[in-house]
Amino acid sequence: MLDTLTFLLEKLFLLAHIKLSSLLPPLRRESGDPPLTRRCDRDEAPPQPAGAPQKFQRGDLLEVPRTLFTHFGIYLGDNRVAHLIPDILPVLTADSRQIQEMVTNTRLLLGVLSKRASIRVDSVEDFAYGAGILLNAMDRAVHRSPLTGEEVARRAERLVGSVSYSLLWNNCEHFVTYCRYGTAQSLQTDQFCAWLKSLIRDQRNVLLTALLGLMSMVCLGISSSTALPALLVPFTLWMAMAAILPVLIQIVFISASIPRPCKLLALLFISASQHDPDEKKKQKESKYDLILKRGDLLEVPRTLFTHFGIYLGAGRVAHFIPDIMPVISSDRCRISQMVTNSRLLLGVLAKRGSVRVDSVDDFAYGSEILINTKDKVCSRPALQGEEVATRAEKLQGHVTYSLLWYNCEHYVMYCRYGTVMSFQTFQFCKTTRKLLLSRRVAKVTAMLAVCLLLYMEAVSICTAVLVVLLPFLIWMAS
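For the structure given in this document, a descriptive report is provided here. (Residues numbered from 1 in each chain as written. Predicted model: local features only at pLDDT ≥ 70, side-chain atom pairs only at ≥ 80, totals over all residues. Heavy atoms only, no water.)

**Some details on the packing of aromatic side chains**
Right, on to step 1. Here the structure, examined in full by the defined rule, presents 5 aromatic pairs.
Right, on to step 2. One aromatic cluster is present, formed by Phe 320, Tyr 401, Tyr 406 and Tyr 411 through successive ring pairs.
Right, on to step 3. Geometry around Tyr 178 places Arg 155 over its ring, the cationic atom sitting 4.7 Å from the centre.
Right, on to step 4. Here the guanidinium or amino end of Arg 391 rests over the ring plane of Tyr 414, the centre of that ring lying 4.6 Å away. (Phe/Tyr/Trp six-rings, centres within 6.5 Å; stacked < 30°, edge-to-face > 60°. Lys NZ or Arg CZ within 6 Å of the ring centre and 35° of its normal.)

Laid out in structure tokens, this is it:
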């Protein structure tokens, strides 16, 4: 199922990036026609004539814009370009002469479908194929400083050969960004996932699919084959729009230990805004130091629950919060960003959390802050403020999360009182017991079970025992 999903997404990406005209055989170009070049971040160079020397430098990143996608390569010097391109021929033959010939569209499409590619060295003319060349344009889009030209070229030369190919995970853009910036990424993949996310979360799609489902039931009649899609498709889109479906799918993928679909869904449903890590390096004396002491227990009441943290001083709060980002990414900048609702829900269902330090404003998120109210409830005396803060700081990092057995309240209670407990968990279990384990629920369960048996005409010894046993157990528990 997961392989099918990945396969369909890759093929959709292919259809969105391959021109219809690319299915035709390539037209031969005169060897004297040079590619048009344009330097984006260094200078605006006019198109170079055929005989003029190119102004490319060893290690430059070359881009060739097509109609719907962009092809990338690394300039090696002497009019040579290293680039990753899908190619089926290395799988079919070992003849180096045939492999070295320019890749045709047939070879390219077959290489995409078979997920086989080669990092090869071609001339600038064969690489550009008559299109204009942009020079180092990605330097302004990638938030990393490029490596030295010699190091970039050496990386590209070491990777020459046959490799596996993926439209989403290992394409020509991943190759050049690894060589030039030291990290493999694809802005085209990010843009495609952003487009797909906006398409899935569009409210009009829910109404449109619901209307089409009703029309299908009217035209084809009401049956399981028409009623189920008419209900499930709009409901699925609504859940995706409400950020519920990505939570469920993400947890399934995490439990199956499948990294690539997790990364894809993270790109689709988790915002990844760029963040400057230098912004939080300058810490000033906070106004909260005038009213809060190091080691104080802070509470932030929400609608249905309360969030807890330990004040560390200088406007910083240590708190335990569910978070999925450390599972799907190792980028510290992204992990240090404020946890969104999507990240929080994914962390709850994946049972992953982190003890992190945020500012008081990020911790409170506009809500009222209560100070040390648990001192009146807990029977244990509070520890010294320095000891509380030291405990909170020692526990920083990624830990297992449980909504009932280890949440933010368990964390702060251990730090301040030396005992792990949660009054919210106790209150929740008490309320659940009152709602489910009552004589009224037992009577309702018995009535519903009898009605269901009579309606389905499935009266037997096993079903009769279940109808009697389940209400009886609820009544006894009450």
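On we go from here.
**Structural notes on the sheet that holds strand β13 (residues 397-400)**
Right, on to step 1. Judged by pairing direction, the sheet is antiparallel, and its 6 strands sit side by side in the order β12-β8-β9-β10-β11-β13 without closing on themselves. The two strands at the open ends of the sheet, each matched to only one other strand, are β12 (370-371) and β13.
Right, on to step 2. Packed onto the sheet, helix α15 (residues 341-350) meets β10 (316-322) and β11 (352-359) and runs at close to 55 degrees relative to β10.
Right, on to step 3. Sitting on the sheet, helix α17 (residues 385-394) is in contact with β9 (306-313), β10 and β11, with an inclination near 110 degrees to β9. (Pairing = 2+ DSSP bridges. Helix = DSSP H or I, 4+ residues; strand = E, 2+ residues; numbered from the N terminus. Contact = heavy atoms within 4.5 Å. Axes fitted to C-alpha atoms, helices over the stretch in contact; angles between N-to-C directions.)

**Section: the nonpolar core**
Right, on to step 1. Residues Leu 61, Ile 74, Leu 84, Ala 156 and Phe 175 are the most contacted members of the largest nonpolar core, which totals 21 residues.
Right, on to step 2. The dominant element in this core, judged by the number of residues it contributes, is helix α7 (residues 172-181), at 5 residues.
Right, on to step 3. When sequence neighbours within four positions are dropped, the list of residues in contact with Phe 175 reads Ile 74, Ala 82, His 83, Leu 84, Ile 119, Ala 156 and Leu 159.
Right, on to step 4. In this structure, Ala 318, Val 388, Ala 389 and Cys 408 belong to the second largest nonpolar core, which totals 18 residues. (Core = buried A, V, L, I, M, F, W, Y, C linked by side-chain atoms within 4.5 Å. Buried < 20%, exposed > 50% of the residue type's maximum accessible area, 1.4 Å probe, protein only.)

**Some details on unusual backbone geometry**
Right, on to step 1. We note that Asn 79 has phi near 65 degrees; this positive angle belongs to a residue other than glycine.
Right, on to step 2. Residue position: Asn 79 is located in the loop between β3 (70-77) and β4 (80-86).
Right, on to step 3. With a phi angle near 60 degrees, Lys 115 is a residue other than glycine that sits in the positive phi range.
Right, on to step 4. Relative to the helices and strands, Lys 115 is located in the loop between α4 (105-114) and β5 (116-123).
Right, on to step 5. Here Lys 115 falls in the partly exposed class, since its relative accessible area comes to 35%.

**Some words on the environment of Tyr 178**
Right, on to step 1. Position of Tyr 178 among the secondary structure elements: in helix α7.
Right, on to step 2. Owing to a relative accessible area of 34%, Tyr 178 belongs among the partly exposed residues under this scheme.
Right, on to step 3. The spacing of Tyr 178 and Arg 155 is 23 residues in sequence and 8.4 Å in space, taken between C-alpha atoms.
Right, on to step 4. What Tyr 178 contacts, discounting residues up to four positions off in sequence, is Arg 155, Leu 159, Thr 183 and Ala 184.

**Considering helix α8 (residues 187-200)**
Right, on to step 1. When the terminal C-alpha atoms of α8 are compared, their 20 Å separation across 14 residues agrees well with the 20 Å that a helix rising 1.5 Å per residue should span.
Right, on to step 2. Within the sequence span of α8, burial applies to Gln 188, Thr 189, Phe 192, Cys 193, Leu 196 and Lys 197. (Expected span 1.5 Å × (residues − 1).)

**Quick notes on the pairing of β10**
Right, on to step 1. A large share of β10 lies buried, amounting to 6 of its 7 residues.
Right, on to step 2. In the sheet, β9 pairs with β10 via 3 bridges, with the strands oriented antiparallel. Within the sheet, the bridge partner assigned to Ile 310 lies in β10 and is Ala 318.
Right, on to step 3. Counted between consecutive antiparallel strands, the loop separating β9 from β10 contains 2 residues, among which Ala 314 sits at a positive phi close to 60 degrees.
Right, on to step 4. Note: β10 against β11, 7 bridges, orientation antiparallel. Across the sheet, Val 317 pairs through a bridge with Asp 358, a residue of β11.

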